[in-house]
Amino acid sequence: MAEPTQLDRTYHYVLSTMVERGQAPHYTEIAKEFLVSPDEGKAMLHELMAAGLPNWLHPGTDLIGSIAPFNNLPTHYRVSVDGEQKWFAQCGLEAKAISALFPGKTVRVDAPCLASGADLTFAMRDGEIESATPAGIHFYVNLPVKKWYGDLPFA
Amino acid sequence: MNLFRSKEDILDWSGFEAGTEDGILTLAQAAVILSTPRHAGRMREDYVSTLPDFLEPFIDRLMEVTGNSPYWDPRP
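Residues numbered from 1 in each chain as written. Chains lettered and ligands numbered in written order. Predicted model: local features only at pLDDT ≥ 70, side-chain atom pairs only at ≥ 80, totals over all residues. Heavy atoms only, no water.

### Digging into the overall build of chain A
Then step 1. Per the secondary structure count, chain A includes three helices and nine strands.
Then step 2. Counting from the amino terminus, chain A carries its helices and strands in the arrangement α-α-α-β-β-β-β-β-β-β-β-β.
Then step 3. Expressed along its principal axes, the backbone C-alpha trace of chain A runs to roughly 50 × 35 × 30 Å.
Then step 4. Within chain A, the proportion of its 155 residues that are buried is 50%.
Then step 5. Look at the contacts in chain A between residues 6 or more apart in sequence, and 40% of them connect residues 24 or more apart. (Helix = DSSP H or I, 4+ residues; strand = E, 2+ residues; numbered from the N terminus. Buried < 20%, exposed > 50% of the residue type's maximum accessible area, 1.4 Å probe, protein only. Contact = heavy atoms within 4.5 Å.)

### A word on the environment of A:His76
Then step 1. Here A:His76 is to be found in the loop between strand S3 (70-71) and strand S4 (78-81).
Then step 2. Taking relative accessible area as the criterion, A:His76 reaches 28% and is therefore assigned partly exposed.
Then step 3. Sequence-wise, A:His76 and A:Ala89 are 13 residues apart; in three dimensions their C-alpha atoms are separated by 8.1 Å.
Then step 4. The contacts of A:His76, once residues within four sequence positions are left out, are A:Asp110, A:Ala111, A:Pro112, A:Leu114 and B:Asn2.
Then step 5. A distance of 3.4 Å separates a polar atom in the side chain of A:His76 from a polar atom in the side chain of A:Tyr77.
Then step 6. At a separation of 2.9 Å, a polar atom in the side chain of A:His76 contacts the side chain of B:Asn2. (Polar contact = N/O pair within 3.5 Å; in protein donor to acceptor, adjacent residues only side chain to side chain.)

### Thoughts on the pattern of salt bridges
Residues and elements named next belong to chain B.
Then step 1. In this structure the tally under the stated criterion is ten salt bridges over all chains.
Then step 2. Between Asp 46 and Arg 44 there is a salt bridge, with the nearest N and O atoms lying 3.0 Å from each other.
Then step 3. The exposure class of Asp 46 is buried, given its relative accessible area of 0%.
Then step 4. A salt bridge links Asp 73 to Arg 75; the nearest nitrogen and oxygen atoms lie 2.9 Å apart.
Then step 5. Assessed through its relative accessible area of 15%, Asp 73 is described here as buried. (Salt bridge = Lys/Arg side-chain N within 4 Å of Asp/Glu carboxyl O.)

### Notes on the interface of chain A and chain B
Then step 1. Of the residues lining the interface, 51 residues belong to chain A; the matching set on chain B comes to 43 residues.
Then step 2. For the chain A and chain B pair, buried surface summed over both sides reaches about 4,400 Å², with 67% attributable to carbon and sulfur atoms.
Then step 3. Among the residues of chain A in contact with chain B, A:His138, A:Phe139 and A:Tyr140 are the three that bury the most area, contributing 18% of the side total.
Then step 4. On the surface where chain A and chain B come into contact, there are one salt bridge. (Buried area = accessible area lost by both parts, 1.4 Å probe.)

### Some remarks on the domain arrangement of chain A
Residue and element names in this part refer to chain A.
Then step 1. The assigned domain composition of chain A is domain 1 (6-67) and domain 2 (68-155).
Then step 2. Once you take the C-alpha centre of each, domain 1 and domain 2 turn out to be 22 Å apart.
Then step 3. On the side of domain 2, 15 residues touch domain 1, which itself brings 18 residues to the contact.
Then step 4. Sorting the residues of domain 1 by area buried against domain 2 places Val 19, Pro 54 and Trp 56 first, and these three jointly supply 37% of that buried surface.
Then step 5. Joining domain 1 to domain 2, the criterion identifies zero salt bridges.
Then step 6. Taken together, domain 1 and domain 2 are joined by 13 residue pairs in polar contact (both at pLDDT 80 or more).
Then step 7. Breaking the side of domain 1 that touches domain 2 down by element, the ones donating at least two residues are helix H1 (6-21), strand S1 (55-57) and strand S2 (64-67).
Then step 8. No other element matches H1, which puts six residues into the side of domain 1 that touches domain 2.
Then step 9. Across the side of domain 1 that touches domain 2, the residue classes tally to ten nonpolar, six polar and two charged. (Domains from an automatic or database assignment. Nonpolar A, V, L, I, M, F, W, Y, C, P; charged D, E, K, R; others polar.)

Shown next, in the form of structure tokens:
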């Protein structure tokens, strides 16, 4: 493993906090974690958000809106681990990446079908699909991948 | 980036755009795309630093699953 940089450490702290409690940390918590001033913690947060990852701040604020695969604002992708629902997926695609963050545990995603309103549920463990109801669940994105980074929250 | 009960539901959806059929994947295909270290390795302590190393395997997987669809090709 490469020697982690501060950017690695900031990312790891933010994502680990999200995994642990279902909510992203505020920049003052980042500051506390790394024993720096609140302004330096804010700078660390902005450096992370500028790193080109699928993460973003809520517009006009210093609050984390999303850190893939999670969303810090509730979405229609409700995520439960060991029966406890306290996370939300960033989108229907990233919902499949969440099980990798909870090794050995069943991660369940509940969502509505946007066309029919029907309830959709699937469960994954260690990256493998354990079950899906109904069986024909499909994913759709109406924007080619090349355009995703032009408007990530939209995509 | 949303989930639907079936492919037919997507084609009937008010937000579906003609010509974007390649944007439809099965649940299993989507899960396979996200199984490379680019997505599965996020808890690595050096994740951000090593992310460039994960790009090629991810693109390979993306192209393999989508049958080399230009719709899914992130390369310029």
